[in-house]
Amino acid sequence: MESSDRLRFTPMFDNSSTIIRSFRSGEQPPAHYQLDVDSFSLVASSLSTDSSFFESTEFFVGGYRWVIQIYPNGNEKDNGHGHISVYLKLCDKLKSGYFINVIFRALFYHWEKNEYLIIQDLREQRFDAKNAICGLSRALPQTVFYDKCSGFLIEDRCTFGAEVFIINATMATSARVSCLGYYHHGKYTCRFENFSELSEDIYSPEFTIEDRTWKLNVHPGGHGAQKDKCLSLYLVLIQAYDLTAGNRLYVEFELHIKNQLNDDNHSMTFKHPFEKSAKACGSDAFVPISDLLVPSKGLVIDDVIIFEVCFKQGFMLKTM
């Protein structure tokens, strides 16, 4: 390897484990912004101090206004001495509590290879009300950038690029999972007389456990594909003060048809996340209608049927 090749490639990498560098074809220009400089020496000499920078025009990504700041002589305040420093600045002011997480790539065009050198910090950068700038203080060594053999600065011309990948932009949100201890002993029993005369879709009276209101929904002749085959039974959440959009109430419960001759109830156990758009859980095929017609099974006696729901445990996933 000739000395010019060693100078060209070896100094381009530092000891940071989070900074990666790679090349890609010049046929794939920067996705979000490209800055062509016709006289880089003129720009650099016009800056008054070693820590001075020049700022690009604004560009838009993700609905936000951005600029890039380039320090030709490095940002010494950020350990950038001896390097070209490149930063991304958010021009829009974010409200307190809001943030944007970004992956930022700085690009340098290599004229001889017709390729872009991509320099990227693997860590996400967070922009918020207090922090509007992030970047690469040691993007490219000056010894490489200014070397005529390196291919980045040709006849005093160079090209920079920027790519901004927004991971998320929102207000910081937290949530909590809270155990609902009172569901360990919650129970409700409902008795229907004249069962043979019940309509196709009936509800029990509403009942409340703590601050949440429920009811049972019964289809004596079956529902959906189980019509005329099975009795269908569901637990329905009517009202929950804290079940707003995004919150979920996870409940384990049992539905019973009480055996009126012994303790051998017909039962099913369910585990279900109740949420604003899904407030019912049960079974279309809770019990065959034929079983209800057999007196010895004890499920219907003297045209009376008894339903029961027993809450086993539950927890609430709630946005804070």
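All of the points below concern the structure found in this document. Model, not experiment: these values are computed from the prediction.

Focus on the packing of aromatic side chains
Phase 1: Across all of its chains, the model carries 22 aromatic pairs by this definition.
Phase 2: An aromatic cluster is present here, built from F40, F54, F108, F145, Y146, F152 and F160 joined pairwise through their rings.
Phase 3: Positioned above the aromatic ring of F23 is the side chain of K113, whose terminal nitrogen or guanidinium carbon lies 3.9 Å from the ring centre.
Phase 4: Just above the ring of F99 sits the side chain of R126; from NZ or CZ to the centre is 3.8 Å.

Examining the pattern of salt bridges
Phase 1: Taken as a whole and judged by the stated rule, the model has 10 salt bridges.
Phase 2: Between D121 and R123 there is a salt bridge, and its shortest N-O distance comes to 2.7 Å.
Phase 3: Here D121 falls in the buried class, since its relative accessible area comes to 6%.
Phase 4: Residue R123 is classed as partly exposed on the basis of its relative accessible area of 47%.

Structural notes on the layout of surface pockets
Phase 1: Computed from the structure, the second largest pocket encloses a volume of approximately 180 Å³.
Phase 2: Taken together, F195, S196, L198, P220, G221, I289, L292, L293, V300 and D303 make up the full set of residues lining the second largest pocket.
Phase 3: For the lining of the second largest pocket, the per-class residue count stands at 7 nonpolar, 2 polar and 1 charged.

Quick look at unusual backbone geometry
Phase 1: Unusually for a residue other than glycine, N79 sits at a positive phi of about 60 degrees.
Phase 2: Its location among the elements puts N79 in the loop between β5 (64-71) and β6 (83-90).
Phase 3: One non-glycine residue, N194, lies in the positive phi region at around 55 degrees.
Phase 4: Counting through the fold element by element, N194 comes out in the loop between β13 (187-192) and β14 (202-203).
Phase 5: N194 sits in the partly exposed class, given a relative accessible area of 43%.

Cut-offs and rules
Residues numbered from 1 in each chain as written. Predicted model: local features only at pLDDT ≥ 70, side-chain atom pairs only at ≥ 80, totals over all residues. Heavy atoms only, no water. Phe/Tyr/Trp six-rings, centres within 6.5 Å; stacked < 30°, edge-to-face > 60°. Lys NZ or Arg CZ within 6 Å of the ring centre and 35° of its normal. Salt bridge = Lys/Arg side-chain N within 4 Å of Asp/Glu carboxyl O. Buried < 20%, exposed > 50% of the residue type's maximum accessible area, 1.4 Å probe, protein only. 1 Å grid on protein atoms, 1.4 Å probe; cavity = no way out; pocket = protein on both sides within 12 Å on 5 of 7 lines; lining within 4 Å. Points joined across faces, edges and corners; volume = space filled by probe spheres on them. Nonpolar A, V, L, I, M, F, W, Y, C, P; charged D, E, K, R; others polar. Helix = DSSP H or I, 4+ residues; strand = E, 2+ residues; numbered from the N terminus.

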